[in-house]
Amino acid sequence: MQLDRELQQEENDMISDIVSRNEDQRKDTVNMMTDGLAGKLQGDLKDSQVKDILDKYEKDLDANMSKFNLEKEKQLQDLRRKLAEKRRRKEALLREKHNKEVRRGPKLPLNIEG
């Protein structure tokens with residue numbers, strides 16, 4: 001039971017870390033793109049130019065968000081695979097330890113009277 005809780009907590013922490021790092025990168029990219037958009041929209045522009053700039057921004061933003069989502073899913077899938085393997089190894093080690101203890105038999109206290 002304790003092993004399961006420890007592994008679950010470790011898994012949750014690692015997943016949370018990946019999601020957090022991915023979200024930070026996503027925010028940085030959106031901020032950079034927004035700053036670039038603001039720069040492009042300055043000055044005296046025709047409506048058609050504004051529309052073209054906004055359309056390109058939207059297209060680029062969608063592409064970047066898709067890229068981030070795919071990368072996050074790939075990282076999470078890889079992590080889950082590694083964590084599942086780690087869980088199997090730890091459970092196997094625990095079973096082996098238990099089996100060794102069973103084979104050794106119970107340790108009986110010595111009753112020395114006298």
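1. Description of the layout of surface pockets
Part 1: Space inside the largest pocket adds up to approximately 150 Å³.
Part 2: For the largest pocket, the full set of lining residues is Met33, Gly36, Leu37, Lys40, Asp52, Ile53, Lys56, Tyr57 and Asp60.
Part 3: Listed by contribution, the elements that provide at least two residues to the lining of the largest pocket are helix H1 (2-40) and helix H2 (47-104).
Part 4: Among the elements that make up the lining of the largest pocket, the one with the highest residue count is H2 (five residues).
Part 5: Its residues placed into classes, the lining of the largest pocket shows four nonpolar, one polar and four charged.

2. Focus: the packing of aromatic side chains
Part 1: Here the structure, examined in full by the defined rule, presents zero aromatic pairs.
Part 2: Above the plane of the ring of Phe68 lies Lys67, whose end atom (NZ or CZ) is 5.7 Å from the centre.

3. Side note on the environment of Tyr57
Part 1: When you line up the elements, Tyr57 lands in helix H2.
Part 2: For the pair Tyr57 and Thr34, spaced 23 residues apart in sequence, the C-alpha separation works out to 8.5 Å.
Part 3: With residues up to four places along the chain from it excluded, the contact list for Tyr57 reads Met33, Thr34 and Leu37.
Part 4: Within the local environment of Tyr57, its side chain forms a polar contact with the side chain of Thr34, the two groups lying 3.3 Å apart.

4. A closer look at the pattern of salt bridges
Part 1: As enumerated under the stated definition, the model contains eleven salt bridges in all.
Part 2: The partner of Lys56 in a salt bridge is Asp60, with the nearest N and O atoms 2.7 Å apart. Taken together, the positions of Lys56 and Asp60, both in helix H2 and four residues apart, correspond to about one turn of that helix.
Part 3: With a relative accessible area of 47%, Lys56 lands in the partly exposed category.
Part 4: Between Arg89 and Glu85 there is a salt bridge, with the nearest N and O atoms lying 3.9 Å from each other. Here the residue Arg89 and the residue Glu85 both occupy positions in helix H2, the gap between them amounting to four residues, near one helical turn.
Part 5: Relative accessible area serves as the criterion here: at 46%, Arg89 is assigned to the partly exposed category.
Part 6: For Glu85, a relative accessible area of 33% translates into the label partly exposed.
Part 7: Through salt bridges with shared partners, a single ionic network connects Glu11, Arg87 and Glu91.

Reading guide: rules and limits
- Residues numbered from 1 in each chain as written.
- Predicted model: local features only at pLDDT ≥ 70, side-chain atom pairs only at ≥ 80, totals over all residues.
- Heavy atoms only, no water.
- 1 Å grid on protein atoms, 1.4 Å probe; cavity = no way out; pocket = protein on both sides within 12 Å on 5 of 7 lines; lining within 4 Å.
- Points joined across faces, edges and corners; volume = space filled by probe spheres on them.
- Helix = DSSP H or I, 4+ residues; strand = E, 2+ residues; numbered from the N terminus.
- Nonpolar A, V, L, I, M, F, W, Y, C, P; charged D, E, K, R; others polar.
- Phe/Tyr/Trp six-rings, centres within 6.5 Å; stacked < 30°, edge-to-face > 60°.
- Lys NZ or Arg CZ within 6 Å of the ring centre and 35° of its normal.
- Contact = heavy atoms within 4.5 Å.
- Polar contact = N/O pair within 3.5 Å; in protein donor to acceptor, adjacent residues only side chain to side chain.
- Salt bridge = Lys/Arg side-chain N within 4 Å of Asp/Glu carboxyl O.
- Buried < 20%, exposed > 50% of the residue type's maximum accessible area, 1.4 Å probe, protein only.

This is a description of form; function is not addressed.
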